[in-house]
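Residue-level structure breakdown
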Amino acid sequence: MDRIEKLRAQFNDLRIDAFLVTDPVNQQYLTDFDGEGVILVTTDQTTIITDERFKTLLEQQAGPYQVIITRDYLGQAAKEVERRV
């Protein structure tokens with residue numbers, strides 16, 4: 001079980017539908033992404049929300065993540081939660 005799956009396994013116990021990761025150290029631990037932004041983990045998808053500076057880096061990294069490029073990290077995360085949860 002990978003790190004994100006371990007996190008998702010705790011969702012029921014924590015009574016949550018989503019988890020927003022804002023700390024860069026935790027972001028890298030979960031996804032190996034070491035850029036700036038936020039990571040939204042829901043029951044069925046992991047989304048990296050970052051800006052244009054990290055687009056090339058994310059294209060090079062293999063990963064089953066949705067990527068959203070924006071400058072409004074938290075605003076976009078809120079929209080994604082509203083859309084999915």
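Our subject is the structure that appears above.
Residues numbered from 1 in each chain as written. Predicted model: local features only at pLDDT ≥ 70, side-chain atom pairs only at ≥ 80, totals over all residues. Heavy atoms only, no water.

1. Re the sheet that holds strand E2 (residues 37–42)
Using the following cut-off: DSSP calls a pair of strands paired once it identifies at least 2 bridges connecting them. Only DSSP runs of H or I covering at least 4 residues are called helices, and only runs of E covering at least 2 are called strands; the numbering of each starts at the N terminus. To define axes, lines are fitted to C-alpha atoms, for helices over the stretch in contact only, and angles between the resulting N-to-C directions are given on a 0 to 180 degree scale. Contact between two residues is taken to exist if any of their heavy atoms lie within 4.5 Å; hydrogens are not considered.
Across the sheet, four strands lie side by side as E1-E2-E3-E4; this open sheet has mixed pairing. Edge positions in the open sheet fall to strand E1 (18–21) and strand E4 (66–69), since each of these has one partner strand only. Here the average twist between neighbouring strands, direction ignored, is 20 degrees. In the sheet, strand E3 (residues 46–50) pairs with E4 via four bridges, with the strands oriented parallel. Opposite threonine 47, over in E4, you have glutamine 66 as the bridge partner. The strands touched by helix H3 (residues 24–31) are E1, E2 and E3; relative to E2, the strand with the most contacts, the crossing angle is about 50 degrees. Packed on one face of the sheet, helix H5 (residues 73–84) meets E1, E2, E3 and E4 and runs near 10 degrees to E2.

2. Observations regarding the nonpolar core
Stated precisely, the cut-off is as follows: Here, nonpolar core refers to any group of buried Ala, Val, Leu, Ile, Met, Phe, Trp, Tyr and Cys residues whose side-chain atoms link them within 4.5 Å. Throughout this description, buried means an accessible area under 20% of the type-specific maximum (1.4 Å probe, protein chains only), exposed means over 50%, and partly exposed covers the range between.
In this structure, Ile4, Leu7, Phe11, Val21, Leu30, Phe33, Ile39, Val41, Ile48, Phe54 and Leu58 together form the largest nonpolar core, which totals eleven residues. At the level of secondary structure, the elements contributing two or more residues to this core comprise helix H1 (3–9) and E2. Grouped together as the second largest cluster of nonpolar side chains are five residues, Val38, Ile49, Tyr73 and Ala77 included.

3. So, the pairing of E3
Each regular strand shows side chains that alternate between the opposite faces of the sheet. Within E3, five of the five residues are buried, which leaves the element mostly enclosed by the surrounding structure. Bridge analysis of E2 against E3 gives five bridges, and the strand direction is antiparallel. Bridge pairing links glycine 37 to threonine 50 in E3. Counted along the chain from E2 to the antiparallel partner E3, the turn is three residues long.

4. Things to note about the pattern of salt bridges
To keep it simple, the criterion reads: Salt bridge, as used here: a side-chain nitrogen of Lys or Arg that lies within 4 Å of a carboxyl oxygen of Asp or Glu.
Inspection of every chain in the model, using the stated rule, returns four salt bridges. Among the salt bridges present, the one from arginine 8 reaches glutamate 5, with a minimum N-O distance of 2.8 Å. Here the residue arginine 8 and the residue glutamate 5 both occupy positions in helix H1, the gap between them amounting to three residues, near one helical turn. You can call arginine 8 buried: its relative accessible area is 17%. Where glutamate 36 meets arginine 53, a salt bridge forms, and the shortest distance between an N and an O atom there is 3.3 Å. Taken together, the positions of glutamate 36 in the loop between H3 and E2 and arginine 53 in the loop between E3 and helix H4 (55–60) put the pair 17 residues apart, joining distant regions of the chain.

5. Notes on the packing of aromatic side chains
What characterises a pair of aromatic rings is the spacing of the ring centres plus the angle enclosed by the ring planes. Heads up, the rule is: Between the rings of Phe, Tyr and Trp (Trp by its six-membered ring), a pair exists once the centres lie within 6.5 Å; its type follows the angle of the planes, with under 30 degrees stacked, over 60 edge-to-face, and the other angles tilted. For a Lys NZ or an Arg CZ to count as sitting over a ring, it must be within 6 Å of the ring centre and within 35 degrees of the ring normal.
All told, the structure shown has one aromatic pair when counted by the stated rule. Seen in terms of ring centroids, phenylalanine 33 and phenylalanine 54 are 5.9 Å apart; in terms of plane orientation they differ by 85 degrees. Their pairing is edge-to-face. Here phenylalanine 54 lies in the loop between E3 and H4 and phenylalanine 33 lies in the loop between H3 and E2, a separation of 21 residues in the sequence. Taken individually, phenylalanine 33 and phenylalanine 54 each receive the classification buried, so the pair is uniform in this respect. Over the aromatic face of tyrosine 29 sits the side chain of arginine 3, whose NZ or CZ is 4.0 Å from the ring centroid.

Structural measurements only, silent on function.
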